[in-house]
Amino acid sequence: MAGNYLLNIGPMADGMIVPVFEERLRDLGGWLGINGEAIYATKLWRIQTENSTVTVWYTAKNNTVHAIILDWPSKQILQLTASRMTGATKVTLMDYPDVPLKWEPLTPAAGLRILMPAMPKSLGNAWCLELEGVV
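Cut-offs used in this document
Residues numbered from 1 in each chain as written. Predicted model: local features only at pLDDT ≥ 70, side-chain atom pairs only at ≥ 80, totals over all residues. Heavy atoms only, no water. Helix = DSSP H or I, 4+ residues; strand = E, 2+ residues; numbered from the N terminus. Pairing = 2+ DSSP bridges. Axes fitted to C-alpha atoms, helices over the stretch in contact; angles between N-to-C directions. Buried < 20%, exposed > 50% of the residue type's maximum accessible area, 1.4 Å probe, protein only.

Draft legend 1. Just the environment of Ala 41, in detail. Mapped onto the elements, Ala 41 comes out in the loop between helix H1 (19-35) and strand E1 (43-50). Once the C-alpha coordinates of Ala 41 and Leu 80 are considered, the two residues, 39 residues apart in sequence, prove to be 23 Å apart.

Here is the structure:
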């Protein structure tokens, strides 16, 4: 299954792109530069979306699950009910891939409660988590 993203930006009659649209295109390119791994060549995960804390959209590539959030969770706690952790579970924010986030099981059987950092600026007003070792 493939997804589409329609971006309605057209040049003016003289071929120039209006500066506000240029800024949006550059921001989108910057966002994809950081988070493109969660978009390009991915597939739907076993769950497409959930709304436990904020709306989360899932993609997967190989053994990695990506959780894309469109709102920053209040109190910096993100709950993901669909994921089941393993002994190898590691959670990172794709803006800071070398800094693992602290998490704990939501229940003994499934789910993650993730402590999010202070909200980083996002060029696309969306953030991606990389979830390794979840099923």
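We are not done yet, so read on.
Draft legend 2. Just the sheet that holds strand E4 (residues 77-80), in detail. Strand order in the open sheet made by the three strands is E4-E8-E7, with antiparallel pairing throughout. Every other strand in the sheet has two partners, leaving E4 and strand E7 (103-105) as the edge strands with one partner each. Sheet twist, expressed as the average angle between the axes of neighbouring strands with direction ignored, equals 20 degrees.

Draft legend 3. Broad picture of the environment of Asp 27. Position of Asp 27 relative to the elements: it lies in helix H1. Asp 27 sits in the partly exposed class, given a relative accessible area of 24%. It is 9.8 Å that separates the C-alpha atoms of Asp 27 and Asn 125, two residues lying 98 residues apart in sequence.

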